[in-house]
Amino acid sequence: MLAIIGGSRLAQLPILQITHRQVVRTPFGDPSCALTFGHIGGHNVVFMARHGYGNSIAPHEVNYRANIWALHSVGVKQVLAIGSVGGIRPDMAPGMLVMPDNIIDYTWGRKHTFYEGPDRPLVRVDFTHPYDPAMRQQVLAAVGRSAVPCIDGGVYAVTQGPRLETAAEILRLQRDGADMVGMTGMPEAALAREMGLQYLHVCHIANWAAGKGSSHERIHFADDALADGMAKVQALLAALCAQES
Ligand code: HPA
């Protein structure tokens, strides 16, 4: 089954025909919300709002372990994560969608592994390529069918938040090789890998990163680009589920 994790701009998924909700408890505490089960175009999907349905859980307070555990426990095999990012690379303009192909993790203090504690084995999962290549091909096919533009590839810098970055921090991320910046890509992707789930991120560019473009003086979130981005995400999900069913 496919899971969709919605970001702060996608706490509800209007195209989902809901069948039921399920509260899941995990050894790592409570997930962000009850899981919402339903169909998109006849395809079974489970939806989770990363920041809770009330959008009240900050990026550094999300219980990523409980979320991934909960999805795995109900039979999820694939996770399509949606998240907002700031654009750093010149073609990563607000309103665009992008599927990153790598990650630099700047977060700290988050519970980032299932493999800790006295009775757990020492396991080092391979994370050379953090996103699943087969899922990427599926989503690229949906991109082609839906005609929703989506940039394929780019490095996602994950910052701790919840504050936004300084202009100097963005320049440093750029020197490191980052193309976009967000706060929720990790440890979610690594935990999904530890759990053996296929995982892919589709990022919606909500703003130019600090110091770039229209965010030269302060971060500027363009409301029309936000609405446009969410419409594109839903069109892409509809095309993906149509091809999967
Ligand atoms: N920085 C970090 N996270 C973000 C941004 C940003 O500019 N935009 C959306 N999420």
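Everything that follows concerns the structure shown earlier in this document.
Residues numbered from 1 in each chain as written. Predicted model: local features only at pLDDT ≥ 70, side-chain atom pairs only at ≥ 80, totals over all residues. Heavy atoms only, no water.

Take the site of the ligand next. Looking at the ligand, the residues that line it are Ser-84, Val-85, Gly-86, Leu-164, Glu-165, Val-181, Gly-182, Met-183 and Asn-207. Within the backbone of Gly-86, an N or O atom sits 3.4 Å from a nitrogen atom of the ligand. In the model, a nitrogen atom of the ligand is placed 2.7 Å from a nitrogen or oxygen of the Glu-165 side chain. Surface burial for the ligand is 93%, taken as the share of its 260 Å² of free accessible area covered by protein chains. (Near = heavy atom within 4 Å. Polar contact = N/O pair within 3.5 Å; in protein donor to acceptor, adjacent residues only side chain to side chain. Areas by Shrake-Rupley, 256 points an atom, 1.4 Å probe, with all protein chains shown as cover.)

Now for the side chain of Asp-132. Inspection of the secondary structure puts Asp-132 in the loop between β7 (102-105) and α2 (133-146). No salt bridge is formed by the buried Asp-132, whose closest oppositely charged neighbour, Arg-193, lies at an N-O distance of 5.8 Å. Only 3.2 Å separates the side chain of Asp-132 from the backbone nitrogen of Ala-134, close enough to count as a polar contact. Those residues in contact with Asp-132 that sit more than four places away from it in its chain are Gln-198, Tyr-199 and Leu-200. (Helix = DSSP H or I, 4+ residues; strand = E, 2+ residues; numbered from the N terminus. Buried < 20%, exposed > 50% of the residue type's maximum accessible area, 1.4 Å probe, protein only. Lys, Arg positive; Asp, Glu negative; His and termini not counted. Salt bridge = Lys/Arg side-chain N within 4 Å of Asp/Glu carboxyl O. Contact = heavy atoms within 4.5 Å.)

With that out of the way, let us pick up the pairing of strand β1 (residues 2-6). Burial analysis of β1 places five of its five residues in the buried class, the great majority of the element. Where burial is concerned, the two faces of β1 agree: the one with Leu-2, Ile-4 and Gly-6 and the one with Ala-3 and Ile-5 are both buried. When β1 meets strand β4 (residues 43-49), the two strands line up parallel, connected through five bridges. Within the sheet, the bridge partner assigned to Ile-4 lies in β4 and is Phe-47. Across four bridges, β1 lies against strand β5 (residues 78-87) in parallel orientation. (Pairing = 2+ DSSP bridges.)

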